[in-house]
Every structure is written in structure tokens, then in C-alpha cells.
Amino acid sequence: MSHTQSHAAASPQAAKSASQVAGVSIAGLHKTYGTNHVLKGIDLTVDPGKVVCLIGPSGSGKSTLLRCVNLLEVPNEGTIHVGGFETTDPDVNLDAMRRHVGMVFQHFNLFPHLSVLQNCTVAPVKVLKKSKEEAEKTALANLEKVGLKELKDRYPGQLSGGQQQRVAIARALTMEPKLMLFDEPTSALDPETVGDVLAIMRQLALEGMTMLVVTHEMGFAREVADEVVFMDGGVVVEHGPAADVIGNPQHQRTKNFLSRVLDPNAVEI
Ligand SMILES: Nc1ncnc2c1ncn2[C@@H]1O[C@H](COP(=O)(O)OP(=O)(O)OP(=O)(O)O)[C@@H](O)[C@H]1O
Ligand SMILES: [Mg+2]
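What counts and how
- Position labels on residues start from 1 in each chain and follow its written sequence.
- Each chain takes a letter, starting from A, and each ligand takes a number, starting from 1, following the order in which they are written.
- With pLDDT at 70 or above as the cut-off, local features in this predicted model cover only qualifying residues; side-chain atom pairs require 80 or more to be listed or tallied, and sums for whole chains, interfaces and linings still use all residues.
- Calculated side-chain values reflect all of the structure's heavy atoms, with hydrogen atoms and water omitted.
- Within this scheme, the nonpolar core is defined by two criteria: the residues are buried Ala, Val, Leu, Ile, Met, Phe, Trp, Tyr or Cys, and they are joined through side-chain atoms within 4.5 Å.
- Whether a residue is buried, partly exposed or exposed follows from its accessible area with a 1.4 Å probe, protein chains only, as a fraction of its type maximum: under 20%, in between, or over 50%, in that order.
- Here a strand is any run of E in DSSP of at least two residues, a helix any run of H or I of at least four, and the numbering for each starts at the N terminus.
- What makes two residues a contact is simply this: any of their non-hydrogen atoms within 4.5 Å.
- For this quantity, the arc is that covered by the directions from the helix axis to the C-beta atoms.
- We call a residue near a molecule or strand as soon as one heavy atom of that residue lies within 4 Å of the molecule or strand.
- In the analysis that follows, any N or O atom pair within 3.5 Å is treated as a polar contact, provided that within protein one partner can donate a hydrogen and the other can accept it, and provided that, for residues neighboring in sequence, both atoms belong to side chains.
- All accessible-area figures derive from a Shrake-Rupley calculation using a 1.4 Å probe, and residue coverage is judged against the displayed protein chains alone.
- Within this document, salt bridges are pairs made up of a side-chain nitrogen of Lys or Arg and a carboxyl oxygen of Asp or Glu, the two lying within 4 Å of each other.
- Note on pairing: DSSP must find at least two bridges between two strands before they are called paired.
- Angles run from 0 to 180 degrees between N-to-C directions of axes, and those axes are lines fitted to C-alpha atoms, restricted for helices to the stretch in contact.

(A) Region of the structure containing the nonpolar core. Grouped together as the largest cluster of nonpolar side chains are 47 residues, with contacts concentrated most on I169, F182, M201, M211 and V228. Considering each element in turn, this core owes the most residues, seven residues, to helix 7 (residues 191–206). Beyond its immediate chain neighbours, meaning those up to four positions away, M211 contacts V46, K50, V51, V52, M180, F182, M201, L204 and A205. The next biggest cluster of nonpolar side chains, apart from the first, holds 27 residues, and it includes V24, L29, V92 and M103.

Put into C-alpha cells, the structure is as follows:
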């Protein structure tokens, strides 16, 4: 089932309205680290409510691109718009922009000394100035959504990797983001917990969240993504509907990459 079809099947209550999601528009983006020219002119648009999966070999610049979107890395050249914000405008209100952008990393980055519930309330209280009660209400609703309400008083060290990642997603959602960035959210997980995390991401997509996802989960990309972008060497090599890029890649570099990720026994070249 494609995301578009599943979108239509979602209940109207679950679907987000246009003002609850933001698109992303990246134009002519360059990023260098010293002499390492990592992003070499990236153009990429994610329409509001769409899911785009970013694939490509190690070192191709996927994380750097994602980190530029919420300005964890400052681009050298080019523009990025997120919703109504131009993040690359020197006068942008960074805090306001970042409130709209949730990010989930490979290694969860939960606060180890805070309980699951506290992990989810700290930012809404500090940044959004919500009362503790209000923040807890939203946090518990999001923990319920990821199936972890019962574990609210545990600490991250007492959870499996998959559970920690689900907390990280709930924590991001408590800020009521309009866009979610995922950087290989399942690649550090035991295989048996990967499905739980992907199921939550699939649900978010169904609800109409805009998502930019770096992943090597081709099944997920094929089923959930509206579009797939293949990056190599700091450029977008191929970009199109998931079924086309994964099922019928046009470029040799895409074919080589896909044959490696779809056949884990293939030798890395
Ligand atoms: N903070 C940094 N300082 C210097 N170089 C960096 C920094 N972050 C990334 N790089 C370099 O930029 C290039 C792209 O890295 P990036 O992490 O974006 O790749 P990636 O596609 O996410 O790879 P992977 O699949 O391994 O996560 C690499 O050559 C990397 O060494
Ligand atoms: Mg990366």
C-alpha cells in the first residue's frame, strides 16, 4: 500500500491539517569540512505530509544533509526553507524554527539520569514553558502511542534499544513538531526490535507527518516512502517514487548500492 493510498484511508481525526505539518525545500546546498567538500549542490523538496527516504553509501553526506536542515550544521552555500522559516537566513529565529523540527538519531541520545517520563517533559517545560501537568499529559499520550506508557518511571538504562528508540520518538513528538528527521533510527537495534520502531514510524506517516528519513530499511522505504532519494559523493544521483528508485533504478551507482543493501552477503566495493 503506498503512502498516498494509506493516507486517504486514515481517519479524518488522525490526519494532520495543513498548518500542523511543514514542508522542506533545499536549494543549491553546499557543505565543506575543511577541504572535504561533503555536500555538492543538493536540491531537494519534501512536500508537507510526505515521506522521503534518503539512501546512499557511508560517507555520502546523508547525516550532514539532515543536520543542515535544522542547522545543527551550518551550510556554506544554498538555502533551506522549513515551513515558513528560511533556516539559512542569518536573522532566522532558530529556537522557533527548531521547535517545529523533531530529530531522532541512531543512538537515541536520551538523558540517562532522567526517567522515561522526565525525558519527555523536560523540553516542553523548559522550551515551550508548559506546566508540569500539561507536559506530562502530552508526554503520557505520546508514550501510549509508542506503547511504553507502563514504563514511564524506568530509566533509559533499564530499556532495550528498541524501547529507548521509541522513547526518543515520543520525546520528539511532545514538542508537537511539524517535520520529523530520522537518521538511521533502526540501524543500532537488535533485529527483533526493528519492527516495533518501524511500525511507529509507519503510523506517523499515516497520520500525515512530514518525514525525512535516512534508512537502509528498503522494505520500509518501499512501503511507506512517497519518494526515495539516492545520494552518493555529496550529490543526489537519483530521486523519484520509491517503487521506481528501488524497483527500477536508472543509474549504475544506484544499482550497485541497492544490490549491496538488498544482498548483505555481497562484498563491499
Ligand atoms: N563534524 C564533522 N567534521 C568533519 N568532517 C565531517 C563531520 N561530519 C561528517 N564529516 C565528513 O563528512 C562526510 C559525510 O559524512 P556523513 O556523516 O554526512 O555521511 P553519511 O552519509 O551519513 O554516512 P553514514 O552512512 O556512515 O552515516 C564524511 O567524509 C565525514 O567524514
Ligand atoms: Mg550518517
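This is not the end of the story, as more comes after the structure.
(B) Local environment of helix 10 (residues 252–262). Restricting attention to buried positions, one finds in helix 10 the residues T254, F257, L258 and R260. Axial view of helix 10: buried residues confined to an arc of 160°, hence all on one face. Where helix 10 is buried, its residues touch strand 3 (51–55), helix 8 (218–224), strand 9 (227–232), strand 10 (235–241) and helix 9 (242–247).

(C) Region of the structure containing the site of ligand 1. Lining the immediate surroundings of ligand 1 are Y33, N36, V38, P57, S58, G59, S60, G61, K62, S63, T64 and E184. Here an oxygen atom of ligand 1 and a backbone polar atom of G59 are 2.8 Å apart. A distance of 2.8 Å separates an oxygen atom of ligand 1 from a polar side-chain atom of S63. Out of a free accessible area of 630 Å², ligand 1 has 60% covered by protein chains. Looking at the shell around ligand 1, the elements that each hand over two or more residues are strand 2 (36–46) and helix 2 (62–69). Considering each element in turn, the shell around ligand 1 owes the most residues, three residues, to helix 2.

(D) Quick peek at the pattern of salt bridges. Evaluation of the coordinates by the stated rule reveals nine salt bridges. For R67, the salt bridge identified is with E73, shortest N-O distance 3.3 Å.

(E) Inspection of the sheet that holds strand 8 (residues 210–214) at higher detail. The strand order across the open sheet formed by six strands is 6-7-8-3-9-10, and the pairing between neighbours is mixed. The open sheet has two edge strands with one neighbour each: strand 6 (101–104) and strand 10. Averaged over all pairs of adjacent strands, the angle between strand axes in this sheet comes to 15°, irrespective of strand direction. Examined bridge by bridge, strand 3 and strand 8 share four bridges and lie parallel to one another. Its bridge partner lying in strand 8, V51 is registered against M211. Against the sheet, helix 6 (residues 161–173) touches strand 6 and strand 7 (179–183), its axis set at about 170° to strand 6. Here helix 7 sits on the sheet in contact with strand 3, strand 7 and strand 8, set at roughly 150° to strand 8.

Distances and angles like these do not, on their own, reveal function.
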